[in-house]
Amino acid sequence: MPSPTESAVGMFSAWEFQCVGIAYFIFGAAGVLANAFTVVTFMRETPISSPRHILQLNMAVANLLVCAPFPFSGLSSFRGKWLFGDLGCQLYGTESFLGGMAATTFIPVVCVEHYLASCKKDFYDTLSSGTWWTVAMLCWMYAALWAILPLFGWNSYAIESSGVACGINWLKKDSNHMTYLQAMVITASILYVMAFYGLYQSRVHWDSVQVKSDPKSDANNWFTERQQAWICLAFMCIMFIGFGPYAILGLWAALTDSTTVSTLAIIIPSLACKASTSLYPIPYLVASDKFRAAYLGYRVTEHEAKTN
């Protein structure tokens, strides 16, 4: 496959590519470990009562997928070119995009779930674990649809202009590429509007005169409702930090001459996505001493879980 690096301005030197490779390994390994520990904690301790843990467990798995293929881009960075051929490029792009779409889907859905649990509790209590596993599967199917479509001709995966990673070619301007992005942005915007509406209504609910205090955490739920609202808001902020650079790059390329986009501007979004995945456990760790102890490897006994 011919490398498209000629379309990038200011190609990196050999040592700069080596620095990028080191960054890929550091951010990728940190993201894998951080989210793997989160998955283990959720599966071993169930810090959020069922069925509320289902979506957040799946979200951690999605973040794990975002950073999992870091060795491929890291090794390619050390050589200054993509090393794994066309098939490797398609697989890398599909897996990375699946993880990214799943992560950015689960986060707003978790916010909506928090709204239902806080403000529509009577309705929420009628929903079974099976319902939320169905919602989780629908989120994965939605993400998989967007990840697979480029393999069948609506947009495509290609070596990025940096030459060391593969993904959606954000610098293309043909109608095939633009309609794909427009459709994706429209559907994602609906989810984000719902998420922000849910968080706003949750804040109104907890600030209302009818709600005097936030119930304390207990053995079945290590986080109070207000803490979970804060966690959801933190997730949204981290998501925009991680995926915002891709949005900026896509907008920049759409409004300007894409041949003026520098190699640094092309590499930053990919590194930001992988770096941000290691931040998602932080809201849990800050909000709960019990989660922090379990995350670090200490089993939380029933007595400790009941201690506020």
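Everything numeric here is computed off the predicted structure, so don't read it as measured data.

A. Quick peek at the overall build of the protein chain. For the protein chain, the count of helices and strands is twelve helices and two strands. Buried residues in the protein chain amount to 51% of all 308 residues. Total accessible area on the protein chain stands at roughly 14400 Å², and carbon and sulfur atoms take up 69% of it.

B. Expanded view of the state of the cysteines. Evaluation of the coordinates by the stated rule reveals one disulfide. Two residues, Cys 89 and Cys 166, share a disulfide whose sulfurs are 2.2 Å apart. Its S-S torsion of about -120 degrees marks the bond between Cys 89 and Cys 166 as left-handed, since a negative value means left-handed. Here Cys 89, found in helix α4 (residues 85-119), pairs with Cys 166, found in strand β2 (residues 166-168); they are 77 residues apart in sequence, far enough to count as distant. A relative accessible area of 3% means that Cys 166 is categorised as buried. Cys 237 forms no disulfide, and the closest cysteine sulfur to it belongs to Cys 111, at a distance of 9.9 Å.

C. Layout of the environment of Ala 30. For Ala 30, the position within the fold is in helix α1 (residues 14-45). Spatially, the C-alpha atoms of Ala 30 and Cys 67 are 8.7 Å apart, while their sequence positions differ by 37 residues.

D. Region of the structure containing the pattern of salt bridges. Under the definition given, this model contains three salt bridges. The partner of Glu 45 in a salt bridge is Arg 44, with the nearest N and O atoms 3.4 Å apart. Judged by its relative accessible area of 30%, Arg 44 is partly exposed. Note that Asp 125 is salt-bridged to Lys 121, the shortest N-O span being 3.6 Å.

E. Region of interest: the nonpolar core. Membership of the largest hydrophobic core comes to 64 residues, with the highest contact counts inside it found for Phe 97, Phe 106, Met 184, Phe 223, Tyr 284 and Phe 291. Considering each element in turn, this core owes the most residues, twelve residues, to α4. Those residues in contact with Phe 106, other than ones at most four positions away along the chain, are Leu 55, Asn 58, Met 59, Ala 62, Ala 136, Cys 139 and Trp 140. With 14 residues, the next largest nonpolar core counts Ala 23, Tyr 24, Ala 165 and Cys 166 among its residues.

F. Quick peek at the packing of aromatic side chains. Here the structure, examined in full by the defined rule, presents 24 aromatic pairs. Where Trp 82 meets Tyr 92, the ring centres are 5.3 Å apart and the plane angle is 70 degrees; that geometry is what we call edge-to-face. Linking Trp 82 in the loop between α3 (70-79) and α4 with Tyr 92 in helix α4, this pair joins segments that are ten residues apart in sequence. On the accessibility criterion, Trp 82 (10% relative accessible area) is buried.

G. Summary view of the UniProt feature "transmembrane region" (unreviewed entry) in the protein chain. As recorded in UniProt, the feature "transmembrane region" (unreviewed entry) lies at residues 20-43, 55-76, 96-118, 130-152, 180-200, 230-255 and 261-282. End C-alpha to end C-alpha, residues 20-43 measures 34 Å, and it is 100% helix and 0% strand. Across residues 55-76, the secondary structure splits into 91% helix and 0% strand, with the terminal C-alpha atoms separated by 34 Å.

H. Geometry of the confidence of the model for the protein chain. Residues of the protein chain with pLDDT of at least 70 account for 87%, and the chain-wide mean is 84. For residues 1-9, every residue scores under 50 in pLDDT, and the model assigns this stretch 26 contacts once sequence neighbours within four places are set aside.

I. Up close: a nonpolar patch on the surface. A contiguous nonpolar patch, built from Ile 22, Ile 26, Phe 27, Phe 72, Leu 75, Phe 78, Leu 83 and Phe 84 and spanning about 670 Å² of accessible area, is present on the exposed surface. Looking at the nonpolar patch, the elements with two or more residues in it are α1 and α3.

J. Highlighting the packing of helix α2 (residues 53-67) against helix α6 (residues 129-148). At a closest axis distance of 9 Å, the pairing of α2 and α6 adopts a crossing angle of 25 degrees. Relative to α6, the element α2 is oriented roughly parallel. Helix-helix and strand crossings are classified by hand; for α2 and α6 the assignment is right-handed. Note on element contacts: α6 touches α2 through Ser 129, Trp 132, Trp 133, Val 135, Ala 136 and Trp 140, opposite Ile 54, Leu 55, Asn 58, Val 61, Ala 62 and Leu 65. Class assignment for the residues of the contact of α2 with α6 results in ten nonpolar, two polar and no charged.

K. Structural context of unusual backbone geometry. Phi angles above zero are rare outside glycine, and Thr 46 is one such case at about 50 degrees. Residue position: Thr 46 is located in the loop between α1 and α2. Of note, Asn 155 is a non-glycine position whose phi angle comes to about 70 degrees, a positive value. Summarising the element assignment, Asn 155 is placed in the loop between α6 and β1 (157-159). Residue Asn 155 is classed as buried on the basis of its relative accessible area of 2%.

Calculation criteria
- Residues numbered from 1 in each chain as written.
- Predicted model: local features only at pLDDT ≥ 70, side-chain atom pairs only at ≥ 80, totals over all residues.
- Heavy atoms only, no water.
- Helix = DSSP H or I, 4+ residues; strand = E, 2+ residues; numbered from the N terminus.
- Buried < 20%, exposed > 50% of the residue type's maximum accessible area, 1.4 Å probe, protein only.
- Areas by Shrake-Rupley, 256 points an atom, 1.4 Å probe, with all protein chains shown as cover.
- Disulfide = S-S within 2.5 Å.
- Salt bridge = Lys/Arg side-chain N within 4 Å of Asp/Glu carboxyl O.
- Core = buried A, V, L, I, M, F, W, Y, C linked by side-chain atoms within 4.5 Å.
- Contact = heavy atoms within 4.5 Å.
- Phe/Tyr/Trp six-rings, centres within 6.5 Å; stacked < 30°, edge-to-face > 60°.
- UniProt positions renumbered as here; feature names shortened; annotations may be inferred.
- pLDDT = per-residue confidence, 0-100.
- Patch = residues over 30% accessible without salt bridge, like charges linked within 9 Å, V, L, I, M, F, W, Y side chains within 5 Å.
- Axes fitted to C-alpha atoms, helices over the stretch in contact; angles between N-to-C directions.
- Parallel < 35°, antiparallel > 145°, perpendicular 65-115°, else oblique.
- Left-handed = near helix turned anticlockwise from the far one by under 90°.
- Nonpolar A, V, L, I, M, F, W, Y, C, P; charged D, E, K, R; others polar.

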